[in-house]
Amino acid sequence: MKLSLDWLSEFIDLSGITAEELADRLTMSAFEVEEIQTTGQEIIGPLQVGEIIEINQHPNADKIRLTKVKIDSSGPLVDIVCGAGNIAIGQKIPVALPGAEVINRHDGSKLLIKESQIRGATSRGMLCSASELGIESTNGDGIYILDPATTLGTDVKELLELFQDKVLVVEPRSNRGDAMSVLGMAREVSAILKRPLKLPEFILPIERDDNAIIASIDDADDCPFLSLITIRDIHVKQSPRKMLRRLSSIGLRSVNNVVDITNYVLHELGQPLHAYDLDKIKGNKLTARKAKDNELFKAIDGKVRNLNNEILVIADSQCVLGAAGIMGGQDSEISADTKHIVLEAAAFTSSRIRRGSRILGLSSDSSIRFERSVDRGFVENSINHAASLILKYCGGKLSKPSTCGSGSVNEQIVSLRPQQIERCIEVNLSNKEIEDLLKPLSIIKTKEDSSIIHFSIPSWRQKDIHREIDLIEELARLHGYDKIKPSLPKSFVTPKRRDLRIALVREILTGYGLSETWISSLTSESHDSTRSIKVLNPLSPDHQVLRTELLPGLIDACKYNQDHGFKNIGLFELGRVYKHNPEMQQIPQVEEELRLAVIASGELSFFNWHQEGSAPPTNHVDFFFLKGLACNLLNRLSIPAKNLEFQPGTNRLFHNGQCAAILHVKNPNLKHDDKANKLTPLGFIGQVHPAHSRKIDLRLKAYCLEIDLDTVFNLRQDLAFSEIANTPQVQRDLTIDLSNKHHYSEIYRTIKQCGGKILKNIDLVSIYELDAEKLSFSCRLIFQHRDETLKNEEIDKQLAKIRSELTNKLGASFRA
Amino acid sequence: MSILQLEEDLMTLKQDALAELSRAQNQADLENIRLTFLGQKGKLTSILRGLSALDKNDRPRLGQVANDVKDAIHNSLEAKKDEFVSKELEIQLEAERIDVTLPPRGTRAGHIHPLTQVTEDIIDIFYSLGFSVEEGPEVETDYYNFDSLNTPADHPARDSQDTFYTSLGENILLRSQTSTVQIRVMEKQKPPLKFISPGRVYRNEEINARKYPLFHQVEGLYVDTNVTFGQLKGTLSEFIRLFFGKELKTRFRPDFFPFTEPSAELDCQCPFCLGKGCKTCGHRGWLEILGCGMIDPAVLSGVGINPEEWSGFAFGMGIERLAMLKYGVNDIRHFFSSDLRFLEQF
C-alpha cells in the first residue's frame, strides 16, 4: 500500500518528522515500510500566472512568436519568446521568470530560466507546458492553459501544487483491513507519535429531495448494510489538481471527477465506493443479492462473465450492475455524458467477497479491502464524505440518502488483567500507562475493577481485538518490542538424544564418492496408481502426484548430468515416499517412509592418471561395487553381514539379469520358510533397465539401489563381543566345478552348513569358465578351533564332508 | 708362548681389524671381516688357543684382554654396520622418491547438499540450546495445518491457490507449514516441551528464482511455566549469533501470524555489509530471518494445555532462505536441480 505523506498530513501534524524517521517508527510498530518514494518534480519560482496581451511573428523564424505578457496589472508587460502553437491572446498561462527552475521537456533535466536572446529577439522568461511543470495534462506539448478566472500574479507552484511528496510503500497486514487507508495509517501514526488525529466532519447539506434510488438487501448475511446517495445534474470533468496529484502519487490514473472521488475516498477512508450512471438504472431500486446461476455480467474491463450463486451482486430491477465489492459494470459506468449518479457504499462480508473474487479471477482495490474486512461503522461517514466532494467538485442536487440494514456495530468490551502483561512480556506498566498507550487507538477504558481493566474497542478494530492477549499485543508493540529485555529461559529441559544415523549414512556415502541431492517429491506420474496420492490442484503436470519411490527422480537426475557432460556420476537422496494405505486407522491414511536411493555410473574417483608401463588403475562402478556399498552401509547401521541376503529379483526399473532384492534374514542358521525365522525385504539393487534408459535417453550404464531406511533402523541389533581366539588359523583352497545353473550362494550355503564350527570364513578367490555350461569356483576356506590347534586330519575330514555334500547337492566335481 | 707375546698379538689383531673395518665398503666386507677376526675359525680364536699354554694365574688377565679386544672389534663392527644400513636406506629412499605434486588418485569424496548442511547447523545450534528434534507427516489434515493453528475458516492461506489439496479427501492437504508438528507433539506430550521440527512444506506458488512449490522450514517451540517474550528474544538472538558466527544486531518487528500473539519478524543486521547496505540485503542493512511470537492461548487450550498455567514461544524459518543468504545462492531452483556443477560446490 502506498501512503502519501502530504495526504497523511491532512489527518495528523507531521511537522518535524522526516519520512525516514516515520518509516522507521512504522516499521517497528507493525507496519513495515518497504520503500520511500519521491513523487513530483522539484520546481523553483518565480513562477506566476500571466495573461497573453500581444502575439507577434518573429521576424527571422516561422515557428517562433514574440509575446507580451501581463503579470502584474500595474507593472510593465514582459517580452517572452514562445514556440508553442496553442497560444492565443487573452489566455491565462504559467510564466517562469528569470531565476525559476523548471523541467527540460526534452530530457527531464533541470532548466534554469534566464533572460536570453532567441534569434535576435529578447526573451525575459518562459511560458510553460505541463511537462515543463512536471505534471500530466490532456493538451499535449502545448502551453498549459489555466482557468480564465485565475488571478494574475498568483504563484503557479501553489495553484498547481507543484511540490514534491514522499510516499511510503507499506506492507499491508492481512489482519488489519482497517489500516489500508490514509485515515487508518493516521490512527497508527497518531498512536506512535502521540499527536492528535484531525478528522473532517462528515455532514451533508440539509437541502435534499425525495427522488432517491432505494437501497434494498436480499442477502443480509453477506451484506448487512447498504447505503445509496442519489445526486442529479452533476458535471463530469477533470478532477481538481490536488486530488489528481494525490491519486497520481500513489500510482492511480485519473478517469473523471466522479470516479476519481470514489477512488479518493476509498484510499483516504478505506471504504470502497461505487458510482452508477442513474440513467442506466432500470427501476428505482438497487438490490444486494446473490447472482443467479449463468447470469451474465459485463465488468468495466469489457469482459462478459458468467456468474453463479456464490457471487454477491448489485442489481437493478432487470440486470446485474456490478459484482458487489469487486468491480462495477461497463453498462452503468460514469461517462463524460453522465448527468445523474447514484453513489453506493456497503458493508459486505469478507468471505463472500473473497469467494467471488476467486471465482471471477478479479481483484481490485475494493475487493482486497473487503477481503480484509471494512469498518461497518464507518460506511455512512464515507459515503457522506464522497457525496460532499461530489457536490463541491461536480455540482449537483442531493436526494435523501437511502439505507438498508444497520450501519452501526455493537459495543465490544475486552477485559485486561495488567499482571498478564508482565507475565507475557516482562514489562510492568501502570494502569495509567496502559490507558495512555491505548487511547490514541480509540481503545477506551470503560471500567476498572480491582485487578481488571475493561476497554471498549472501536468498530474498526473489533475483528482483530476481542481477547485479552490481543490487547497485550497492542501494548507490547506500542511500548516497543525493542524495549523488552532479552533473556534466556531460567529452567533447562533435557533434550532427547539426537538420532545421528542419517548423518552417518551421508558420511559413508560421500566417502564412496556420492553426492547428496534433494529432489522434488511432487512428480509427474507414479507407476503405483492404486497407492499414489494425487494433488487436486497441481501447479503443473510435472508436480501432480507425490512420489512412491525415489529412484525415478534419481535416474532423471543422472540423465540431466549426462546431458551436461558428466560421465562419472554418483548421487544419493535421503527422502520420503508417500503411499495411501486404506487399511490405516488414523487420518490421513498415508504411510510416509524414509528411503535412501543411490545411483552411480562411471568412476567415482579423481582422474586416474598412470605411469607408462604400469597398468592404469580402474574402478568403474558395477553391480558388486554397489553391493559392497550396501553391505558396508547396512553393517554400519548395525545389521550384521550374516543377516543379509541378496536374492535374484525383478523390478521394472532394473535390468532383469542384474537385479537383487535385499533381504534381512532374522536367523541365517534357519531355513527361510522356518516358522521361527523372519525375512524382511529392505530394497532393491541393480543396473538401470536398458529399456528405461533408452526411454529417457540415458546413455550411461548406471547402477542403483533403493533401501527402506525406516525398516533398516527398526532392525538394528545390539552388538556383543566374543572372545578373541588365539589358536592358529589354517587356510585350505578348494576348486569346485559345477553347472552354471547354480548360484554362488548355493555353494556358499552348502559349505557353510557342513563346515561345522571350525570353518571360520569362506572367500571366493576366482571364477573360471570351463565351457558353455560349466564354471569353476576357487574358494579359500579358513579353519580355526576356538580352544585348540587343529590337526590336519580333522580339517581333511571336514573338507571331505564338504566335497561330498557339494557333489550330492549341486553335482559338483573336483579336480585333483 | 709368553703372555706378553700373546698380548701383543691381540693388540696387533685389534689394530688390523679396526684398520680393515675402516676400509670396508659394504655389509659383505663387514661379514668377511667378522669371519676373519671373530669367526669360529678366525684369528682371535686361533690366538686364544695359545691360552691353554699359559700359566693358570695369567689366564684370567689375558682372558680379560682378549674380551676387551673382541668387544672393541665387535662394537666397531656394529657401528660400521649401522652406518651402512642407514646409508643403504638412504639410497633406497632416494631411489623411491616420487613427485608428490602429481595429482591424487582414488575415490573422490562426494558432497553434502547445502540444505542439509544448513539444516544440520540449525539443529546443532538449537540442540545446544536444549531443543529436541521432532518430525511429523507432510500429508496432513486441514485440522493440523489450519484449524488447530487458529487460522480462520475463510483465511486466504486455505485457498487452493495457496495450498495443495489431495485426492484423499477435501480436508487432506500437503502441509504448508511445519507448525503442524507443534500441535501433534503438544497433543501427545506434556509440557515442559522444547523442540524444533525441520521438514518439507508445500505451497501452490509459481516457480521462479525465489519460489518453488516445495521448500523447507524449521519450526521451533518452547512451552514451560513463565516463558516470556524476553526469552524468545534472547534465545533467537543467540541463534543468530551462533548461526552467522558473529555478533550481529537483531531487531524484532511486530508482525501477525494466526497462531502467535504477540508476533514478530526477526531481522538481523546484514552479515555481509554489517548494516551499511549491500546487494544481499537490498541496501536495507537488515535481513529478514524468521517469524516468531508467543504461542496464542487459543492454540494451547486447543491441545489441552492450560494457558493460565503454561506459556510458550514458537518460531519458524525457511531453510532455503538461510542457505541462499549463507552461500549467496541467487536462485532457489538450484537446490532441486541435482546439477553436479552446483552440488560439487558444497
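These numbers were taken from a predicted model, which means no experiment stands behind them.

*Asks:* Please provide a residue-by-residue account of the pattern of salt bridges, values included.
*Replies:* For the structure on display, the rule yields 70 salt bridges over all chains. With a closest N to O distance of 2.6 Å, Asp79(A) and Lys68(A) form a salt bridge. Here Lys68(A) lies in strand β4 (residues 65-70) and Asp79(A) lies in strand β5 (residues 78-82), a separation of eleven residues in the sequence. Since its relative accessible area comes to 24%, Asp79(A) is described here as partly exposed. Here Asp296(B) makes a salt bridge to Arg467(A), at a shortest N to O gap of 2.6 Å. You can see Asp296(B) sitting in the loop between β9 (286-295) and α9 (297-302) and its partner Arg467(A) sitting in the loop between β27 (453-457) and α13 (468-479), one on each of two chains.

*Asks:* Before we move on, could you go through the sheet that holds strand β2 (residues 33-39) of chain A and cite the residues and values that matter?
*Replies:* Pairing between the strands of a sheet is mediated by backbone hydrogen bonds and can be parallel or antiparallel. All names here are of chain A. As summarised here, the arrangement of the three strands in space is β1-β12-β2, forming an open sheet in which the pairing is antiparallel. The open sheet terminates on both sides in strands that have one partner only, identified here as β1 (2-4) and β2. Between one strand axis and the next, the sheet turns through 25 degrees on average, direction left out of account. As paired elements, β2 and strand β12 (residues 165-170) share six bridges and run antiparallel to each other. When the sheet's bridge partners are listed, Thr39 is paired in β12 with Asp165.

*Asks:* Which residues make up the environment of Gln41(A), and what values go with them?
*Replies:* Residue and element names in this part refer to chain A. Structurally, Gln41 can be placed in the loop between β2 and β3 (47-57). Classification of Gln41 as partly exposed rests on a relative accessible area of 37%. In sequence terms Gln41 and Ile135 are 94 residues apart; their C-alpha atoms lie 8.3 Å from each other. Setting aside chain neighbours within four positions, we find Gln41 in contact with Ile103, Gly134, Phe163 and Gln164.

*Asks:* Report on the pairing of strand β33 (residues 644-648) of chain A, specifying residues and quantitative values.
*Replies:* Residue and element names in this part refer to chain A. Relative to strand β34 (residues 654-665), β33 is paired through five bridges, and the arrangement is antiparallel. By the bridge assignment for β34, Pro648 is matched with Ala660. Remark: five residues form the turn of the hairpin made by β33 and β34, two consecutive strands paired antiparallel.

*Asks:* Any chance you could break down empty space enclosed by the protein for me, citing the residues and the numbers?
*Replies:* Applying the stated criterion across every chain yields a total of four cavities of 30 Å³ or more. Taken as a whole, the largest cavity holds about 140 Å³ of empty space. Forming the walls of the largest cavity are 16 residues, and the residues nearest its centre are Asp178(A), Leu269(A), Gly270(A), Gln271(A) and Asp375(A). The greatest single-element share of the lining of the largest cavity, amounting to three residues, is contributed by helix α5 (residues 182-193) of chain A. In terms of residue class, the lining of the largest cavity is made up of six nonpolar, six polar and four charged. In this structure, the second largest cavity spans a volume of roughly 60 Å³. Taken together, Ala30(A), Arg173(A), Asn175(A), Arg176(A), Arg461(A), Asp464(A), Glu473(A), Glu474(A), Arg477(A), Tyr481(A), Pro254(B) and Asp255(B) make up the lining of the second largest cavity. Put simply, the parts of the chain that give the lining of the second largest cavity at least two residues each are α13 of chain A together with β7 (250-257) of chain B. Sort the elements by how many residues they give to the lining of the second largest cavity and α13(A) lands first, with three residues. Here the residues of the lining of the second largest cavity sort into three nonpolar, one polar and eight charged.

*Asks:* Quick one: what's the story with helix α15 (residues 551-563) of chain A, residue by residue and with numbers?
*Replies:* Residue and element names in this part refer to chain A. With 13 residues, α15 should reach 18 Å at 1.5 Å per residue; the first-to-last C-alpha distance of 18 Å fits that figure. Those residues of α15 not exposed but buried are Leu551, Leu554, Ile555, Ala557, Cys558, Lys559, Asn561 and Gln562. Phi turns positive, to about 95 degrees, at Gly565, one or two residues after α15.

*Asks:* I'd like a rundown of the sheet that holds strand β35 (residues 679-688) of chain A, residues and numbers included.
*Replies:* Residues and elements named next belong to chain A. Read across the open sheet, the seven strands follow the order β28-β31-β32-β36-β35-β34-β33; overall the sheet is mixed. Either end of the sheet is taken by a strand with one partner, and the two such strands are β28 (515-516) and β33. Note that strand β31 (residues 569-580) and strand β32 (residues 590-601) share twelve bridges and pair antiparallel. Among the inter-strand pairings, Lys579 is bridged to a residue of β32, identified as Glu591. Helix α14 (residues 501-511) contacts β28, β31 and β32 of the sheet and is inclined by roughly 150 degrees relative to β31.

Cut-offs used in this document
Residues numbered from 1 in each chain as written. Chains lettered and ligands numbered in written order. Predicted model: local features only at pLDDT ≥ 70, side-chain atom pairs only at ≥ 80, totals over all residues. Heavy atoms only, no water. Salt bridge = Lys/Arg side-chain N within 4 Å of Asp/Glu carboxyl O. Helix = DSSP H or I, 4+ residues; strand = E, 2+ residues; numbered from the N terminus. Buried < 20%, exposed > 50% of the residue type's maximum accessible area, 1.4 Å probe, protein only. Pairing = 2+ DSSP bridges. Axes fitted to C-alpha atoms, helices over the stretch in contact; angles between N-to-C directions. Contact = heavy atoms within 4.5 Å. 1 Å grid on protein atoms, 1.4 Å probe; cavity = no way out; pocket = protein on both sides within 12 Å on 5 of 7 lines; lining within 4 Å. Points joined across faces, edges and corners; volume = space filled by probe spheres on them. Nonpolar A, V, L, I, M, F, W, Y, C, P; charged D, E, K, R; others polar. Expected span 1.5 Å × (residues − 1).

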